[in-house]
Structures are given as structure tokens and as C-alpha cells.
Amino acid sequence: MNHLPVLVVVIPVAGAFLISLVDTVRPAFKSTAALLVATAHSTTLVAAAYRGMTGPALLYSVGEWIAPVGISLMVDSFSAFFLLLLAIGHLASALVRIESGDRSEWARKSAALIALFFAALSGITVTADLFNLFIFVELATVCSIGLIARKRHPGSAVAGFVALMAATISGALLLFAVLVLYVATGTVAMPLVAQAAPDLPAHLHGMATAAIIVSFGIKIGLVPMHFWQPRTYHAAGTTVAAILSAFGLKIHVYALLRLLWFPLQAPVVLPGVYSILLVMGMVNILTGHSMAMIERNLVRMLAFSSIAHVGYILLGVAAAGRIGGSAAVYAVAAALFHTGMHTLMKSALFWSGHRLIHLSRSSRIMDLGGIAWRAPGSIIAFSLAALAIIGIPPTGGFASKWFVAMAQQALLPVLVIGAGTVISLVYYGRFFLIATRRDPPDSFPAPHPLSLRPRLQTAVVLALAVAAVMAGTRDVQVRSLLLRAAEGLVDQADFVGPALIGRGR
Amino acid sequence: MESPVIRVFLTRLTAGFLCLLLSLGFVVLLLDAGRHRAQTIPTQMEEPYTARSVAETGSINVVTAILMDYRAFDTLGEATVIFASVAVAAAILGKPGSPSNRTMGLLSRRQLSALLPLFFIFPLFVIFHGHLSPGGGFQGGVSLAVLVILIHVAFGDRFGEEVIPHRILALSEYGAAIGLVGIGFVGIFQGSAYLANVAAGFPRGTAGTLASGGVIPLLNLLVGMKVAAGLSSIYVHLAGHEAENVPEKRR
């Protein structure tokens, strides 16, 4: 048996415990330990993703108990794509977060919490068990609350509380859906639920689907349920906001897609749900972009932009569900392309914004006038990522938006995508003009003494931004990877097959 | 004109009514789901655990067999959630500040010092007999944490910190956590799967005796340690926090 599916979860969990132990016994080595754990985890993730992409689905029975008694884990090409994103995420966040001597309790715990957060996200990605999924979603929630609610930051306790309330509602709804499916089918193993799903009474299936969409809708910021996100990201600060938005959010998108396609069999049983998702996607794009345009705070502006870009992903997803069949693969691939691009672009934007905000000690856009001349590396990375996220050809952001638009069957979503692009050009362009103003104020306030390593951070954000730009010119290679990943979601033959035959004892 | 009191009352009434409606819908839906299952699923799927758990795990407590063997991966996840909660509480509340030294009265303290050793027996029994009788690591661990809290409340935080230093609590939590993750690897090294029990060669023992259930008693012990240390350090953080933030009222 190949142990990679369980190792991608267990290694960072053990790593988080080790980081805490090292922090208590030898605090000086904490950053080294965090970096080692991140490297080990990313290596495992890449190995698992490689196996998932190239071979048949990897299936793992924890404790050698096959479903329905035990918990199965699974890595197929679809989850492999998200494992790759997580590999980038954990390593990059560990590199960006290497500190120089911040000894507050929050800084001490946050390294372990980040490792646990990525462990939970990996768990969500590999599990093939509904209740196990719920546990990892809860673990991710608890870790993110700790990362958000820093002490002695005004408003962060309230933001943490709002996020906690939103997460509680989301968790309760997910538990409710899992409970309904368990009572109705007698199992929580996804392959077995998927088998029973077409025979479920319509109202049970509909309620479970609705609960799951609302639950993950809160997590990913579907428009009526997005209220907690800008406030939370603002309170959490750019470093954590990047982790939550670029990586946490994407894994919840993964969970939503996996649940809709696989255990719920929504394209066959409940295709109407995708029309709702299409409308919600358009609402998300318009709301997110317009709110970002009137926003005066850089972090909140980026947060609203995240809400808008969830909309683009949803448009691709909705198109896939509405077409059905093998054509759906192209639409899913478009959605995945935008997911990956947004991960690169948004982490580059947040982390380069971190340096700018750090230098001027304010995140209000008007206070950032002329800041570009103090941090040229950061503003270059920010501008490259902004070009990509607006969708200027030939960047990766343009290519992914183009593919999402190509997958649409109606004119209206395409027009919405175009409108969103224009609006985002306005607000990113405005920020660029303010940041590069030629008449900077005579003296910026002295930067905060506890500085992260600026050169390393700039190198990381430049790498992410350049990757986001280059992906557009390498779309032939990218496309074969994406199509393979999309096949994993749409054709579930290699997932259902081995799970039902059963392995081990 | 509506008075604020009436408005608040009406809001609460509406909220309560909505909650009631929601829970009613929830119950109806679950009953429906149960009815559907009774009609469609053959009975052999009905109880996959009860008939086989003693033979397969050696634990006569089916709940423990599910928690610590069949679905031990979930338990690892839950224990990690507790670990994360402790870290979050520490991150938000900061270092345990100057602890208060309020104690209970003399009679209570004398009584407790005689009774505490007896109180100690119960959680240990719950943990060690987790595979034989109702209980297990989580339940015993919580009872142990209550004892630590009792020491703090009855004899004052300063005495509690002297008897059971926070550093020791933290170290035993991390140690138990690493042990818990580490035991899973035995399965991998034995050529079986992660967290495997009997399949990895752990002796099943005679069902119903203390030395049975393979790795289950060990997992119970580690989970118990971790939960006990974790919950009591949450208390230590909370107790220190109150003393830190309300200095004016104290003086």
C-alpha cells in the first residue's frame, strides 16, 4: 500500500506538535523547525500529487479497515491539483513568515497553527469520508480563528468572534448535511453515499445539497454570506489573509466541488443547482468588484477582490454542471485554471502589500502615496500580480478568465466577466497611481521594529507573481495538467471502482 | 409608540420561533431519512460494528473499538482540534499573567486534601478500562483536567502553579500528542496501514481482561494525557488572563 495519502496529513500534524515542543524547550530553533516541517510537508504533497496525476487514483484505508467500517483516503488527479497548490502554500507561507525575534504569545503559537491549518486543508483534500471531512473542516476553522484573533490589535477580537459565529453556522450546516446523508444511506463513506444518492427522495437530497452549498458558501464568501470576510482579513493582517484567501478558500472550493459531483451526484440528480450557482457567481463578481472599487483600505480591497474571483470560479463550475458529459471537462479545467491563478496572484498581492503596509504603518490607500519608491521589489511584484488579476493579456489571469468565458453557454455571464475586468482595472490602476506618486511625503513614520525578512519576502512574492504572469504564455503545458485534473472530478470511474471492490482485510 | 423593551421582546420571540421552526424541520427531515433507510437498505448494512468488533479488535466496548480502532483517524483529528484550541486560547489570551491567590475556606481545603487522592482514582479507572467499560481517553482526560482546576480553585493559582507548573502541562500535552501520532507509524513499519491495530501485529489479548484490545489501551492513555493537559492549560490561561486585565478592580 502506498502511504502517501495519509502522510500528507500526518506529517504536518506531527510537525505542529514538534514545533510547539521545540518552542517550549529551545525557542531559538522554532523558525528552523517550522521551515523544516513546511519543507517535509511540501515534498510529501508534491510526491502525492505526482502519483495522483500520473497513475490511477491512490486509495488508502486507515488502519486497514475498508469502508463502510473504516475511513478511506483518496488521491486522484483532481485532488492532486489542489495538493500542488497546498505544497506551494505551506512552503511559501513558512518562508514569508520567518521572523526576527517576535516573542509574543501569538507569534509563538502561530507557527504551529499554520502547520495545523495546512494539515487540515490536506485532510480535507484527501479524505473520502464525510465525517472525516467534517473533522478536518473544523480543525481548519479552529486554526484560522487563532490566526485571525491576534491580541492587542484593535478590532481583531471582534473580527475573530464574527468569523467564529460564521464558522459555527457553517459547521452546523455541514454536520446537518452529513447527518441526513448518514441516516438516509447508512454510511459516511463517499463512494457508498454516491451509490445511494440517485435513489434518495428529492427533498432529502435537496436539503442536504442546500445545506452543503450554504455551509461552504459561508467559507468561500458567496455574496449574502460574505459579510465576515473583509473584516476578518483586515483584522488578520496581510500575512494571514494571504494564507486564508489564497489557500484556505481554495480548499473549501475543492470540498464543495467534490461533494457536489461525487457523493451527491448533483450533475445527474439535481442539475438545477448549477443554474443557481451561475447566478450566484455573477452576483459575486459584480458585488465583489464594486465593493472593492469604493473601498479605501488596501486589505479590504483585496478581500473584496477575492469575493469577486470566487465568482469567476463558480461561473466555470456552473457551466460544467449545466453542460454535463465530456464537454464538462473543459469547463471544470477552466475553473481550476482560475483557481490556481488566483492562488498565485492573490498570495503575491497580499504578501507584497504586507511590505508596503509595513513601511507606511497604515493600510489606508491614501496613506500609501509614494510608498513604491521605498520598496521597488514589492511594487514590481504587486504590479505584475495586479496585471494578471485584472486580466491583461498575455498573463495567466487573462488566459484563465478567457477559458472561463469560453466555457459559458450564454451571453450574460461573458458580459459580467468583461464588466468585472473593467472595474478591477479601475481600482488596481488607481492604487498603482497613488503608490507611485512622485511627491511622497517628506518623512514616513519609522517602520515597525519587528520586521520579517524583507529580501526573502520580496523574492517569494516576485516568484509567485512571475509564475502568475508566465502561466498565460505556457498554456499548452498548463492545459494538459488541468484537463487531467478535471477528468478526475468528472469521470469518477477510477475513484468508485477500487473503493467498491475493497482492499485490505 | 413601541418601547425598546417591547421591541427587544418581539425580536427575541421571533428569533425563538424561527429556531423552533428550524429544529422542527431538522427533526422531521431526520425522521424521513430514517424511514427511507429502513425501506431501502438491507439489514446487514444496518450495524456494521456490533457483531464483529470483539472478534476483530479485542475490545468489548464497541464505542471504544470504533473510536480507537475502526475510526481512530477521526479521533486523531479530534485530539488535534483540542490541541489547536489550546494554542488558540494561548494565542488570544497571551501568557498566563499574575495569578490570583484566592483560596477556599480552611474546612474545604482540609477536606479536599484528604479527598483528592481518592478523586484521582476515578479518571484513571475510566482511562485504563476504556476498552472494557463505558469511558475512555476523552472522558477520563476531562475528569483529570477537572482535578487540576479543582486544585487551582481550592488552593489558589499560585499553589496550583507550584504543584503542576504550566510548563509541565504543556510538555506533557506535546509529548502525548507526538506519541499519539507516532504510534500510528508502527502500523506502517509493520507493513500494514497507518493506525492499524491487530493487523499491525498488536496482540488482541483475551477479550474482557485488562490486557486486551491491542493498541487501544495505549491510545486511550495518550488521548487521556493530551486532553487532561490541554484542558487544564486552557484553564490556566483563562485564570491568568482575568488577573492580568482587571488590575484596577482588584486594588
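Peer 1: Talk me through the overall build of chain A; I want residue IDs and the actual numbers.
Peer 2: Along the backbone of chain A there are 19 helices and 2 strands. The C-alpha extent of chain A, read off along each of the three principal axes, is 70 × 60 × 40 Å. Classification of the 505 residues of chain A by burial places 66% in the buried group. A sequence separation of at least 24 residues applies to 82% of the contacts in chain A between residues at least 6 apart. Taken as a whole, chain A presents about 16,400 Å² of accessible surface, with 70% of it coming from carbon and sulfur.

Peer 1: A description of the overall build of chain B should follow, citing residues and the corresponding values.
Peer 2: Of regular secondary structure, chain B possesses 10 helices and 0 strands. When its helices and strands are written in sequence order, chain B yields α-α-α-α-α-α-α-α-α-α. Compactness check: chain B gives a C-alpha radius of gyration of 24 Å against a globular reference of 18 Å for 251 residues, more than 25% above the reference. Based on the C-alpha atoms only, the size of chain B along its principal axes is roughly 65 × 60 × 35 Å. Classification of the 251 residues of chain B by burial places 45% in the buried group. Contacts in chain B between residues far apart in sequence, at least 24 positions, make up 70% of those at least 6 positions apart. Counting 17 positive and 15 negative side-chain charges, chain B places the averaged centre of each group 7 Å from the other.

Peer 1: Explain the interface of chain B and chain A residue by residue, including any values.
Peer 2: Contacts between chain B and chain A engage 54 residues on the former and 61 residues on the latter. Salt-bridge contacts for Asp129(A) lead to Arg71(B); the nearest nitrogen and oxygen are separated by 2.7 Å. Linking chain B with chain A are 10 residue pairs in polar contact (both at pLDDT 80 or more), by the criterion used here. For the side of chain B that touches chain A, the secondary structure elements donating two or more residues are α1 (4-40), α2 (53-57), α3 (62-70), α4 (72-93), α8 (166-189) and α9 (216-245) of chain B. Along the lines of polarity and charge, the residues of the side of chain B that touches chain A split into 31 nonpolar, 11 polar and 12 charged.

Peer 1: I'd like a rundown of the packing of aromatic side chains, residues and numbers included.
Peer 2: Counting across every chain of the model gives 23 aromatic pairs over all chains. Judged by centre distance (6.3 Å) and plane angle (85°), the rings of Tyr233(A) and Phe350(A) are edge-to-face. Linking Tyr233(A) in helix α9 (residues 228-261) with Phe350(A) in helix α13 (residues 328-360), this pair joins segments that are 117 residues apart in sequence. Given the relative accessible area of 0%, Phe350(A) is considered buried. Grouping aromatic residues by their ring pairs yields a cluster made of Phe78(A), Phe81(A), Phe82(A) and Tyr254(A). Positioned above the aromatic ring of Tyr182(A), the side-chain terminus of Arg37(B) is 5.6 Å from the ring centre.

Peer 1: Account for the pattern of salt bridges, naming residues and giving values.
Peer 2: Applying the stated rule across the entire model yields 9 salt bridges over all chains. When the shortest N-O distance is used, the salt bridge between Glu56(B) and Arg52(B) registers 3.1 Å. Glu56(B) gets classed as buried once you look at its relative accessible area, which sits at 17%. One network of salt bridges, with partners in common, ties together Asp129(A), Arg71(B) and Asp74(B).

Peer 1: Kindly report on the nonpolar core, identifying the contributing residues and their values.
Peer 2: Generally speaking, nonpolar side chains in soluble globular proteins are found buried as a group. Counting residues in each nonpolar core, the largest one holds 223 residues, and the members touching the most others are Trp261(A), Tyr428(A), Phe73(B) and Tyr194(B). With 20 residues, α9(A) is the largest single contributor of residues to this core. The contact partners of Trp261(A), leaving out residues within four places of it in the chain, are Ala266(A), Pro267(A), Tyr274(A), Val317(A), Ala320(A), Gly321(A), Val332(A), Leu489(A), Val490(A) and Gln492(A). Among the nonpolar cores identified, the runner-up in size contains 9 residues, and Leu112(B), Leu116(B), Leu144(B) and Phe155(B) belong to it.

Peer 1: A description of the pairing of strand β1 (residues 58-61) of chain A should follow, citing residues and the corresponding values.
Peer 2: All names here are of chain A. The side-chain alternation of β1 yields two buried faces, one formed by Leu58 and Tyr60 and the other by Leu59 and Ser61. With 4 bridges joining them, β1 and strand β2 (residues 72-75) adopt antiparallel strand pairing. Following the sheet pairing, Ser61 is matched in β2 by Ser72.

Peer 1: How would you explain the side chain of Thr187(A) if you had to name every residue and give the values?
Peer 2: Examined against the element boundaries, Thr187(A) turns out to sit in the loop between α6 (156-185) and α7 (190-196). Only 3.0 Å separates the side chain of Thr187(A) from the backbone nitrogen of Ala189(A), close enough to count as a polar contact.

Peer 1: Any chance you could break down unusual backbone geometry for me, citing the residues and the numbers?
Peer 2: All names here are of chain A. In this structure, the amide linkage connecting Ala67 to the following residue, Pro68, adopts the cis form with an omega of 5°. Pro394 follows Pro393 through a cis peptide bond whose omega is 5°. Residue position: Pro394 is located in the loop between α14 (376-390) and α15 (396-407). Of note, Gln265 is a non-glycine position whose phi angle comes to about 55°, a positive value. Overall, the relative accessible area of 16% leaves Gln265 in the buried class.

Peer 1: Run through the domain arrangement of chain A, naming residues and quoting values.
Peer 2: Residue and element names in this part refer to chain A. Each assigned domain of chain A is listed here: domain 1 (1-128), domain 2 (155-270) and domain 3 (284-491). Between the C-alpha centres of domain 1 and domain 2 the distance comes to 21 Å. When domain 1 packs against domain 2, close to 1,600 Å² is buried across both sides, 83% of that on carbon and sulfur atoms. For domain 1, the biggest contributors to the area lost against domain 2 are Phe78, Phe82 and Ala128; these three give 28% of the whole. Where domain 1 meets domain 2, there are 1 salt bridge. One salt bridge connects Asp76 with Arg258, and the closest N-O pair in it is separated by 2.8 Å. At the junction of domain 1 and domain 2, the tally comes to 3 residue pairs in polar contact (both at pLDDT 80 or more). Elements with a minimum of two residues in the side of domain 1 that touches domain 2: α3 (77-96) and α4 (105-126).

Peer 1: Requested: an account of α13(A), with residues and values cited.
Peer 2: All names here are of chain A. For α13, spanning 33 residues, the distance from its first C-alpha to its last is 47 Å, which sits close to the expected 48 Å at 1.5 Å a residue. Taken across its 33 residues, α13 has 32 buried, putting it largely inside the fold. Immediately downstream of α13, the backbone of Arg361 shows phi near 55°, a positive value.

Peer 1: I'd like a rundown of α1(B), residues and numbers included.
Peer 2: An ideal rise of 1.5 Å per residue puts 54 Å on 37 residues; α1(B) measures up with 54 Å between its terminal C-alpha atoms. The complete set of buried residues in α1(B) reads Leu29(B), Leu30(B), Ala33(B), His36(B) and Arg37(B). Packing partners of the buried residues in α1(B) comprise α6 and α8 (202-220) of chain A.

Peer 1: Break down the packing of helix α12 (residues 298-323) of chain A against α13(A) for me, citing the residues and quoting the values.
Peer 2: Residue and element names in this part refer to chain A. Interhelical geometry of α12 versus α13 gives an angle of 175° and a closest axis separation of 8 Å. For the element pair α12 / α13, the angle class is roughly antiparallel. For the contact of α12 with α13, a count of residues per class yields 17 nonpolar, 8 polar and 1 charged.

Peer 1: An account of the packing of α13(A) against α15(A) is requested, with residue identities and associated values reported.
Peer 2: Geometrically, a packed helix pair is captured by the angle between its two axes and the distance between the axes. Residue and element names in this part refer to chain A. Interhelical geometry of α13 versus α15 gives an angle of 155° and a closest axis separation of 8 Å. Considered as vectors, α13 and α15 are oriented roughly antiparallel to each other. Classified by chirality, the crossing of α15 by α13 is left-handed. For the pair α13 and α15, the contacting residues are Ala331, Ala334, Ala335, Phe337, His338, Met341 and Met345 in the first and Gly396, Gly397, Ala399, Ser400, Lys401, Phe403, Val404 and Ala407 in the second.

Peer 1: Outline a nonpolar patch on the surface, listing residues and values.
Peer 2: Residue and element names in this part refer to chain B. On the surface, a nonpolar cluster with roughly 500 Å² of combined accessible area is contributed by Val5, Ile6, Phe9, Leu10 and Leu13. Inspection of the secondary structure assignment puts Phe9 in helix α1. On the basis of relative accessibility, which here comes to 52%, the residue Phe9 falls in the exposed class.

Parameters and conventions
- Residues numbered from 1 in each chain as written.
- Chains lettered and ligands numbered in written order.
- Predicted model: local features only at pLDDT ≥ 70, side-chain atom pairs only at ≥ 80, totals over all residues.
- Heavy atoms only, no water.
- Helix = DSSP H or I, 4+ residues; strand = E, 2+ residues; numbered from the N terminus.
- Buried < 20%, exposed > 50% of the residue type's maximum accessible area, 1.4 Å probe, protein only.
- Contact = heavy atoms within 4.5 Å.
- Areas by Shrake-Rupley, 256 points an atom, 1.4 Å probe, with all protein chains shown as cover.
- Rg over C-alpha atoms; globule rule 2.2 N^0.38 Å.
- Lys, Arg positive; Asp, Glu negative; His and termini not counted.
- Charge placed at Lys NZ, Arg CZ, Asp CG, Glu CD.
- Salt bridge = Lys/Arg side-chain N within 4 Å of Asp/Glu carboxyl O.
- Polar contact = N/O pair within 3.5 Å; in protein donor to acceptor, adjacent residues only side chain to side chain.
- Nonpolar A, V, L, I, M, F, W, Y, C, P; charged D, E, K, R; others polar.
- Phe/Tyr/Trp six-rings, centres within 6.5 Å; stacked < 30°, edge-to-face > 60°.
- Lys NZ or Arg CZ within 6 Å of the ring centre and 35° of its normal.
- Core = buried A, V, L, I, M, F, W, Y, C linked by side-chain atoms within 4.5 Å.
- Pairing = 2+ DSSP bridges.
- Domains from an automatic or database assignment.
- Buried area = accessible area lost by both parts, 1.4 Å probe.
- Expected span 1.5 Å × (residues − 1).
- Axes fitted to C-alpha atoms, helices over the stretch in contact; angles between N-to-C directions.
- Parallel < 35°, antiparallel > 145°, perpendicular 65-115°, else oblique.
- Left-handed = near helix turned anticlockwise from the far one by under 90°.
- Patch = residues over 30% accessible without salt bridge, like charges linked within 9 Å, V, L, I, M, F, W, Y side chains within 5 Å.

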